[in-house]
Amino acid sequence: MNDDQEPNDDQEPNDLRDIQPSSFRHITGQSHVTQALKIAVDASFQERKRLDEVLLCGPPGLGKSALVTVLANELAVPFTEVLAQSITNTAELNSVLLSASEGVLFLDEIHLLRPVSQHALLQVLDKRRIFLSGGKSVQSIPVAPFTLVGATTDLDGVIGPLIDRFRIILHLNFYSQDELAEIVRQRFRALKWEFEPELLGEIAKRARGTPRIALRLLQSGRRVQLAEATNVLKVEHLRRACEVERISDLGLDSMQQKLLHLLGNGPVRLNVLASMLGVSTKVLTKTVEPFLLRQGLVVKTDAGLRTLTESGQSHLDDLRQISVRNPSE
C-alpha cells in the first residue's frame, strides 16, 4: 500500500526506508480506511476532543504502521509506538501506559499481549486510571488522555471485551495490481531511479497484493542492477532476482511452490502437508496457504483435504517446466 509519500523538497532520499507517508493524501489504496480516519480526525477537531480508540486489522505488510504514523501527523500530536510482544507482564504494561503522553499510543500486534494484560488494558481504557495494590491499600494513578491505536494480524487473539473498547475498527484489504504498480512508480520517482515502464506491472503481479512484498521485490531487482553496474532497472533484473530467490511468476515463494508440488499427486490432509513441509499447521494456515486459496490455486474439500484447482495445476506445470530447463536450480 501504502507507506508512500512524495519526498519533501529539502530531503534527498536514497533508500526505500527513507520514504514515509506524512498525510492521508500520500497514501495509495485503502481509501475506505483513510476516509474513515479523516472523518474521525475532522470530528475530533470539531468537538475538541481526543480521537476515539482505533483498531486496524489485516494481514502483514499492508501498511498498518504507516497509517498510524500518518494519523498522528494529521492530529499533530505526540506519537508513541510499542510492540505488544515486548510487554511480558502487567507491570510493564503499566509502565508503558504511565509514560504515554497526550497523543497517540500505538500498540502494534496487540493480539500478542497476554490475556491478563489485555484485561488490565481494558480497565485502564474504562477508568483512565491505573490501580496498584500495595499491601492493604490501592493506589490510583491517572493516565494521560492518549488515544490508543491497536494493530493486529490476528483478531482472534484479542479478547472480546477489549475489541469492544475500540470505537473505530477498520479492516485493511489486499491491493490491486494497479495500486501496487502506482506505489512502486512513486518510489522510483522519489528515489530518482531510472527504470523500464514494464517493470511496474512485473513487480505488481508478483507482490501477492502486498506493498511490503512489492518493495522487497523492487529492492531485490535493484541489487541485481547494481551488481551488473547498469543505469536502468530492467525487467530482466527483476526476473534474475526472482530466479535466485525462488519466486515464481505469480509471486509464490519456495514454501508455497513446495505445497503445490505436494498436491500434484492428489488431495492431502492439512496435518500431513504440515509434516511434509516441516512447519506447524498454524504456520501453514496463517502464512503459507492463504494466498494460494485466495488466488484459487488450492481449495479445501468438505473433508478438510487440500487439493489443486485447474489453475493450480497449470501453475505447477509451469514450475515443472522451469525446473526441467534449469535442472541445477
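From a predicted model like this one, the values you see are computed outputs, not experimental measurements.

A few words on the overall build of the chain. When helices and strands are tallied, the chain shows 14 helices and 12 strands. With the C-alpha coordinates of the chain rotated into their principal frame, the extents come out at 75 × 55 × 30 Å. Out of the 329 residues in the chain, the part that is buried amounts to 46%. By element, 48% of the accessible surface of the chain is carried by carbon and sulfur atoms, the whole surface being about 16900 Å². Of note, the chain has its 38 positive side-chain charges centred 6 Å away from the centre of its 41 negative side-chain charges.

The residue Val82 is located in strand E2 (residues 79-83) in this model. It is 6.3 Å that separates the C-alpha atoms of Val82 and Asp108, two residues lying 26 residues apart in sequence.

Next up on the list: the environment of Gln256. Within the secondary structure layout, Gln256 lies in helix H10 (residues 254-262). Along the chain, Gln256 and Leu277 lie 21 residues apart, while their C-alpha atoms are 9.6 Å from each other. Apart from the residues within four sequence positions on either side, Gln256 is in contact with Arg208, Gly251, Thr287, Val288, Phe291 and Leu292. Within polar-contact distance, the side chain of Gln256 engages the backbone oxygen of Val288 at 3.2 Å.

Once that is clear, we can look at the pattern of salt bridges. Applying the stated criterion across every chain, the model contains 13 salt bridges. A salt bridge links Asp42 to Lys38, with the shortest nitrogen-to-oxygen separation between them at 3.3 Å. Here Asp42 pairs with Lys38, and both are found in helix H1 (residues 31-47), just four residues apart, close to one helical turn. Looking at Asp42, the relative accessible area reads 36%, which means it is partly exposed. With a relative accessible area of 44%, Lys38 lands in the partly exposed category. With a closest N to O distance of 3.6 Å, Lys205 and Glu202 form a salt bridge. Pair noted here: Lys205 and Glu202 are both in helix H7 (residues 198-206), with a separation of three residues, about one helical turn. For Lys205, a relative accessible area of 32% translates into the label partly exposed. One continuous salt-bridge network, built from bridges that share partners, spans Glu202, Lys205, Arg206, Arg239 and Asp249.

What follows concerns the pairing of strand E7 (residues 168-171). Covered by surrounding structure in E7 are Ile168 and Leu170 only, the residues Ile169 and His171 on the alternate face being uncovered. Here strand E1 (residues 54-57) runs beside E7; their pairing, made up of four bridges, is parallel. Note that in E7 the partner of Cys57 across the bridge is His171.

Let us look at H1. With 17 residues, H1 ought to run about 24 Å at 1.5 Å a step, and its terminal C-alpha atoms sit 24 Å apart, in line with that. Turning to H1, its buried residues number three or more, namely Val33, Thr34, Leu37, Ala40, Val41 and Ser44. End-on view of H1: buried residues confined to an arc of 125 degrees, all on one side of the axis. Across H1 from its buried face, at more than 90 degrees, point the exposed residues Ile39, Gln46 and Glu47. Residues of H1 that are buried in the fold lie against E1, helix H2 (64-75) and E7. In the stretch just after H1, Arg48 is the one whose phi turns positive, near 55 degrees.

As a further point, take the sheet that holds strand E11 (residues 298-300). The three strands are arranged E10-E12-E11 in an open sheet whose pairing can be described as antiparallel. If you trace the sheet from one side to the other, it starts and ends with strand E10 (268-269) and E11, each paired once. Pairing geometry for E10 and strand E12 (residues 305-308), over two bridges, is antiparallel. Bridge pairing links Arg269 to Leu305 in E12.

Analysis parameters
Residues numbered from 1 in each chain as written. Predicted model: local features only at pLDDT ≥ 70, side-chain atom pairs only at ≥ 80, totals over all residues. Heavy atoms only, no water. Helix = DSSP H or I, 4+ residues; strand = E, 2+ residues; numbered from the N terminus. Buried < 20%, exposed > 50% of the residue type's maximum accessible area, 1.4 Å probe, protein only. Areas by Shrake-Rupley, 256 points an atom, 1.4 Å probe, with all protein chains shown as cover. Lys, Arg positive; Asp, Glu negative; His and termini not counted. Charge placed at Lys NZ, Arg CZ, Asp CG, Glu CD. Contact = heavy atoms within 4.5 Å. Polar contact = N/O pair within 3.5 Å; in protein donor to acceptor, adjacent residues only side chain to side chain. Salt bridge = Lys/Arg side-chain N within 4 Å of Asp/Glu carboxyl O. Pairing = 2+ DSSP bridges. Expected span 1.5 Å × (residues − 1). Arc of directions from axis to C-beta.

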